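Each chain, letter by letter, is given below.
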Amino acid sequence: MKSENKSIKTLRRNLTGLLLLACLVSCILIVGANGYLVYRGENLQQYTQALIERVPSGFWVTLGIGSAQSIGTFILAAIALKFLKYWLSAFFGRFLQMRYCGKEL
């Protein structure tokens with residue numbers, strides 16, 4: 001049991017370090033790209049707005065629908081897990097009570 005706890009803590013520490021490294025690299029890349037655009041004399045707000053406007057509107061609609069479906073799936077899964085946990089605890093509680101009281105199902 002202790003070795004499992006230790007391995008879980010090690011895995012969590014490694015994942016945290018990996019995420020921090022990924023965030024740091026992303027921040028450096030963003031600052032570098034923005035610095036390059038400023039060096040070229042670009043207006044960052046106009047450049048970003050033009051970049052976003054070049055993406056077709058159908059993509060944004062599809063992205064919104066997909067995001068809504070994903071969030072809905074997560075919410076339904078959470079609700080289903082709560083009901084399943086309740087039903088299983090109720091069933092097994094009754095089953096164990098009957099078994100230890102000497103009654104058959």
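Not measured: the values here are computed from a predicted model.

### Overview of the overall build of the chain
Then step 1. Regarding its fold elements, the chain presents three helices and zero strands.
Then step 2. The secondary structure elements of the chain, listed N-terminal to C-terminal, are α-α-α.
Then step 3. Across the 105 residues of the chain, 1% fall into the buried class.
Then step 4. For the chain, the accessible surface area stands at approximately 10,000 Å², while carbon and sulfur atoms represent 69% of it.

### Observations regarding the confidence of the model for the chain
Then step 1. Overall, the prediction assigns the chain a mean pLDDT of 89, with 90% of residues at 70 or greater.
Then step 2. Mean pLDDT across the elements of the chain bottoms out in helix H3 (residues 57-100) (88) and peaks in helix H2 (residues 44-53) (93).

### A word on the pattern of salt bridges
Then step 1. Applying the stated criterion to the full structure yields one salt bridge.
Then step 2. Arg-40 is paired through a salt bridge with Glu-42; the nearest N and O atoms lie 2.9 Å apart.
Then step 3. The class of Arg-40 is partly exposed, set by a relative accessible area of 47%.

### Examining the packing of aromatic side chains
Then step 1. Counting across every chain of the model gives two aromatic pairs.
Then step 2. Centre to centre, the rings of Phe-59 and Trp-60 are 5.1 Å apart; their planes meet at 70 degrees, and the pair counts as edge-to-face.
Then step 3. For Phe-59, a relative accessible area of 44% corresponds to the partly exposed category.
Then step 4. Here Trp-60 falls in the partly exposed class, since its relative accessible area comes to 40%.

### Side note on a nonpolar patch on the surface
Then step 1. Taken together, Ile-71, Ile-75, Ile-79, Leu-81, Phe-83, Leu-84, Tyr-86, Trp-87, Leu-88, Phe-91 and Phe-92 make up a surface patch of nonpolar side chains, about 1,200 Å² in accessible area.
Then step 2. In this structure Ile-71 comes out as exposed when scored by relative accessible area, which is 52%.

### Concerning the state of the cysteines
Then step 1. Within this structure, the stated rule accounts for zero disulfides.
Then step 2. Here Cys-23 is not disulfide-linked; the sulfur of Cys-27 is the nearest cysteine sulfur, at 6.5 Å.

Cut-offs applied
- Residues numbered from 1 in each chain as written.
- Predicted model: local features only at pLDDT ≥ 70, side-chain atom pairs only at ≥ 80, totals over all residues.
- Heavy atoms only, no water.
- Helix = DSSP H or I, 4+ residues; strand = E, 2+ residues; numbered from the N terminus.
- Buried < 20%, exposed > 50% of the residue type's maximum accessible area, 1.4 Å probe, protein only.
- Areas by Shrake-Rupley, 256 points an atom, 1.4 Å probe, with all protein chains shown as cover.
- pLDDT = per-residue confidence, 0-100.
- Salt bridge = Lys/Arg side-chain N within 4 Å of Asp/Glu carboxyl O.
- Phe/Tyr/Trp six-rings, centres within 6.5 Å; stacked < 30°, edge-to-face > 60°.
- Patch = residues over 30% accessible without salt bridge, like charges linked within 9 Å, V, L, I, M, F, W, Y side chains within 5 Å.
- Disulfide = S-S within 2.5 Å.

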